[in-house]
Amino acid sequence: MGRRALVLALGLSLVLLCARALPATDEEGNQDESLDSKTLSAEDQVKDHSTGTRVVAGQIFLESGKSDSQSEDEENFHSQEEEKENSLEELNSLEMSNLLNKDLEEAEMQSPVLTAIGGTADGEPCHFPFLFMEKEYAECTADGREDGRLWCATTYDYKKDQKWGFCESEEQSNKRRQMQEAEDVYQIGMKILNESSKKAQKKVAYQYLLKAADMNHTKAMEKVSYALLFGDYLKQNIQSSKELLEKLTEEGSPKGQMALGFLYASGLGVNSSQAKALVYYTFGALGGNLIAHMILGYRYWAGIGVLQSCESALTHYRLVANHVASDISLTGGTVVQRIRLADEVENPGMASGMLEEDLIQYYQFLAEKGDVQAQVGLGQLHLHGGRGVEQNHQRAFEYFNQAANAGNSHAMAFLGKMYSEGSDVVPQSNETALQYFKKAADMGNPVGQSGLGMAYLYGRGVPVNYELALKYFQKAAEQGWVDGQLQLGSMYYNGIGVKKDYKQALKYFNLASQGGHILAFYNLAQMHATGTGVMRSCHTAVELFKNVCERGRWSERLMTAYNSYKDGDSNSAVVQYLLLAEQGYEVAQSNAAFILDQKASIVGENETYPRALLHWNRAASQGYTVARIKLGDYHFYGFGTDVDYETAFIHYRLASEQQHSAQAMFNLGYMHEKGLGIKQDIHLAKRFYDMAAEASPDAQVPVFLALCKLGVIYSLQYVREINMREVFSHIDMDQLLGPEWDLYLMTIIALLLGTIIAYRQRQHQAIPRPAGLRPAVPQQEPPPEHQPPQ
């Protein structure tokens, strides 16, 4: 029994380890759903067993989650494991097989027995396998029946004994067939949705999904509820969406639980309740929904509805970041376009980062004419997507091909990347990728050098050679290419081809993060979270993990919301921004507040300002200057709250001191001038006005006008403060101007009077008489005899 207990204990530990290694995710079908975990092949991994880390495409996955300070504990653990392994080797192989066979037999005995319903053997157990039509069946089948009901034989040979029964009741059978029909309809809808980019076709697809949802298909209900919530290809209907989400929540759908939590958090279709929202978010996270994890991470980080806890936020954000990092390819994934609606309105001339259609057509015209730079630029634009251009690998491949044929090394390198990763358009080929990387690297291109380094690091098309990989990464990093810096940092971190050096790893990860590489942020977050090579900092790790999480596929909804707003659908836009705001996107919080500030109709008129104030507050806490000034404005004018000049003054001062905002400085000058929320002080008012003029050239004109007004006020105040009679009574004119001051004064007055009289006379003479006052001279007709002959 001791040996059996040891075997069972070890088997249970293996099961637990496997279960712990499996990510808790639900399936992902669109941008508002969770990501699927990405299975990584052996050639995509380089393992360093001494440190317990796994490096995949440049990101560090900590398998043990322990720092160097715990190495002694790890050695003790490994020694204990070795002792267990040695004890297992001592067991006789025959005894172990007998034990396992007995365990399997016991498991089979405990498994439930399927009983036949109706037929010729009602109540008898089904026999598996059974023989029917010269074929063995190990499970119930619908073969031989037109109604599709499942049945089984209760003896081995059905033809001989004719003993059979149904495996399900008629009600169960009808339900199963209905679900199968719903699944077929759902698959048709998803096929149309995924294969078409036209809006009309997507609307058709959602009609199929709507039909499947009416048949209680879970995934279809999830898609339809989100479409009704956001107004995606279906008319927006918050109430119908809520009903579907409540039904999904009862069935235990994590996506339904998360979305219902969002409704309670934002008060859409229901009375706002942060407590209920937290409950549904928690259940959604336990079910593996990554968006729910991200929302909880932000709430624990900011202390929204829960006690602020950096460690809890780190747990949630790290889990989501692991999935985002594993989903990032070498091309870096899609570009997240963050457009602030408030900045667009206040600065209409400022570029939003979006490319206008005319400009894209101009570049396309240049590319067709053979402009290599235009071809490379359009290729990169279509490869990554963003700036108003959808991701399109087919067009990217065509543009890169044209530029590569013209001898452009950058295009060759990107073709190598596309072949290295593979896609629906470009088949994966290490050999072809290697050829392009070599051509680009020979021309000194850093992208090609980095790609060649990856080939030698992972042995793609060439034998693994860490020295050559290091050499090419160094060349790419010297030219400032972020992929080279990232991979170089990973090699120093794991001691691959070089001596392990955390300081060098930190240096190159920092350089790559300055270039915006997601995996660099991820690696830095791991180092700060575990205190590897740096002092452990939970706050820094959370901020870095948050940055990684905000690059996930769900960030595509930022552009969807922006397009809805531009199309005039503010209700759809504000709901999408509100969900992203719950996830912690600062730009979504400010945009949601901006739309609510304009009286969005989806929210009651009395609730717009309080809700806008809430999201301005969240955006301001993340460092957005305009949001901080808006908070001051709301408290100054009493929008969504009581008029509170002192609180307004505090917000303006924060914006002035932390972000050096000229608008905030001007407002502080005005409040000092008027004595609002602070003691009136004209000198401090002038100081803040001057600071505003120095901070921004745009503030110089209003500051000039304010200073002129301030000068007049100061003069009047000075006059009020002094007694004019006392001033004149103390003035001694004889002492000031001399004993004959009155003669001087009379002479000056006489001269001034004479000058005025002379000027008026001269002006009177120079004025011409108006033409209308001249006497009119009648024109007489000549006598008839003097008329010219006719």
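Residues numbered from 1 in each chain as written. Predicted model: local features only at pLDDT ≥ 70, side-chain atom pairs only at ≥ 80, totals over all residues. Heavy atoms only, no water.

With respect to the overall build of the chain
Here comes step 1: Along the backbone of the chain there are 36 helices and 7 strands.
Here comes step 2: Residue burial in the chain is summarised as follows: out of 790 residues, 43% are buried.
Here comes step 3: A sequence separation of at least 24 residues applies to 53% of the contacts in the chain between residues at least 6 apart.
Here comes step 4: By element, 52% of the accessible surface of the chain is carried by carbon and sulfur atoms, the whole surface being about 43500 Å². (Helix = DSSP H or I, 4+ residues; strand = E, 2+ residues; numbered from the N terminus. Buried < 20%, exposed > 50% of the residue type's maximum accessible area, 1.4 Å probe, protein only. Contact = heavy atoms within 4.5 Å. Areas by Shrake-Rupley, 256 points an atom, 1.4 Å probe, with all protein chains shown as cover.)

A short note on the environment of Ile328
Here comes step 1: For Ile328, the position within the fold is in the loop between helix H12 (310–327) and helix H13 (341–346).
Here comes step 2: A C-alpha to C-alpha distance of 8.8 Å links Ile328 and Gly552, two positions 224 residues apart in sequence.

A few points about helix H23 (residues 518–530)
Here comes step 1: Look at H23: 19 Å from first C-alpha to last across 13 residues, which is about the 18 Å you get at 1.5 Å a residue.
Here comes step 2: Burial analysis of H23 places 13 of its 13 residues in the buried class, the great majority of the element.
Here comes step 3: Where H23 terminates, the next one or two residues include Gly531, which has phi positive at roughly 70°. (Expected span 1.5 Å × (residues − 1).)

Digging into a nonpolar patch on the surface
Here comes step 1: Taken together, the side chains of Leu359, Tyr362, Tyr363 and Phe365 define a hydrophobic patch exposed on the protein surface, amounting to about 390 Å² of accessible area.
Here comes step 2: Tracing the backbone through its elements, the reader meets Tyr363 in helix H14 (residues 357–368). (Patch = residues over 30% accessible without salt bridge, like charges linked within 9 Å, V, L, I, M, F, W, Y side chains within 5 Å. Salt bridge = Lys/Arg side-chain N within 4 Å of Asp/Glu carboxyl O.)

Quick look at the pattern of salt bridges
Side-chain pairing between opposite charges can occur once the charged atoms of the two side chains come close.
Here comes step 1: Scanning all chains against the criterion turns up 17 salt bridges.
Here comes step 2: With a closest N to O distance of 3.2 Å, Arg557 and Asp232 form a salt bridge. Separated by 325 residues along the polypeptide, Arg557 in helix H25 (residues 557–566) and Asp232 in the loop between helix H7 (218–230) and helix H8 (238–250) bring together distant segments of the chain.
Here comes step 3: Look at Asp232 and you get buried, because its relative accessible area is 14%.
Here comes step 4: One salt bridge connects Lys686 with Asp690, and the closest N-O pair in it is separated by 2.8 Å.

Focus: the nonpolar core
Here comes step 1: The biggest cluster of nonpolar side chains holds 156 residues, and the ones touching the most others in it are Phe262, Leu263, Tyr317, Tyr577, Ile595 and Trp616.
Here comes step 2: The dominant element in this core, judged by the number of residues it contributes, is H23, at 9 residues.
Here comes step 3: Not counting chain neighbours up to four residues away, the residues in contact with Ile595 comprise Leu341, Tyr565, Ser570, Ala573, Val574, Tyr577 and Ala600.
Here comes step 4: Of all hydrophobic cores here, the second largest spans 12 residues; its members include Cys126, Phe130, Tyr137 and Tyr158. (Core = buried A, V, L, I, M, F, W, Y, C linked by side-chain atoms within 4.5 Å.)

Focus: the packing of aromatic side chains
Here comes step 1: Tallied over the full model, the rule gives 27 aromatic pairs.
Here comes step 2: Ring centres of Phe132 and Tyr137 lie 6.3 Å apart, and the angle between their planes is 50°; this geometry places the pair in the tilted category. The exposure classification of Phe132 matches that of Tyr137, with both residues buried.
Here comes step 3: Linked through ring pairs, Phe128, Phe130, Phe132, Tyr137, Trp151, Tyr158, Trp164 and Phe166 together constitute an aromatic cluster.
Here comes step 4: Arg149 extends its terminal NZ or CZ atom over the ring of Phe166, reaching a point 3.7 Å from the ring centre.
Here comes step 5: A cation over a ring is seen here: Lys471 above Tyr472, with NZ or CZ 5.6 Å from the ring centre. (Phe/Tyr/Trp six-rings, centres within 6.5 Å; stacked < 30°, edge-to-face > 60°. Lys NZ or Arg CZ within 6 Å of the ring centre and 35° of its normal.)

A closer look at the packing of H12 against helix H24 (residues 538–549)
Here comes step 1: At a closest axis distance of 8 Å, the pairing of H12 and H24 adopts a crossing angle of 35°. Read as a crossing pair, H12 and H24 show a hand that is left-handed. Facing H12, whose interface residues are Cys310, Glu311, Ala313, Leu314, Tyr317, Arg318, Val320, Ala321 and Val324, H24 presents Cys538, His539, Ala541, Val542, Phe545, Lys546, Val548 and Cys549.
Here comes step 2: Across the contact of H12 with H24, the residue classes tally to 13 nonpolar, 1 polar and 3 charged. (Axes fitted to C-alpha atoms, helices over the stretch in contact; angles between N-to-C directions. Left-handed = near helix turned anticlockwise from the far one by under 90°. Nonpolar A, V, L, I, M, F, W, Y, C, P; charged D, E, K, R; others polar.)

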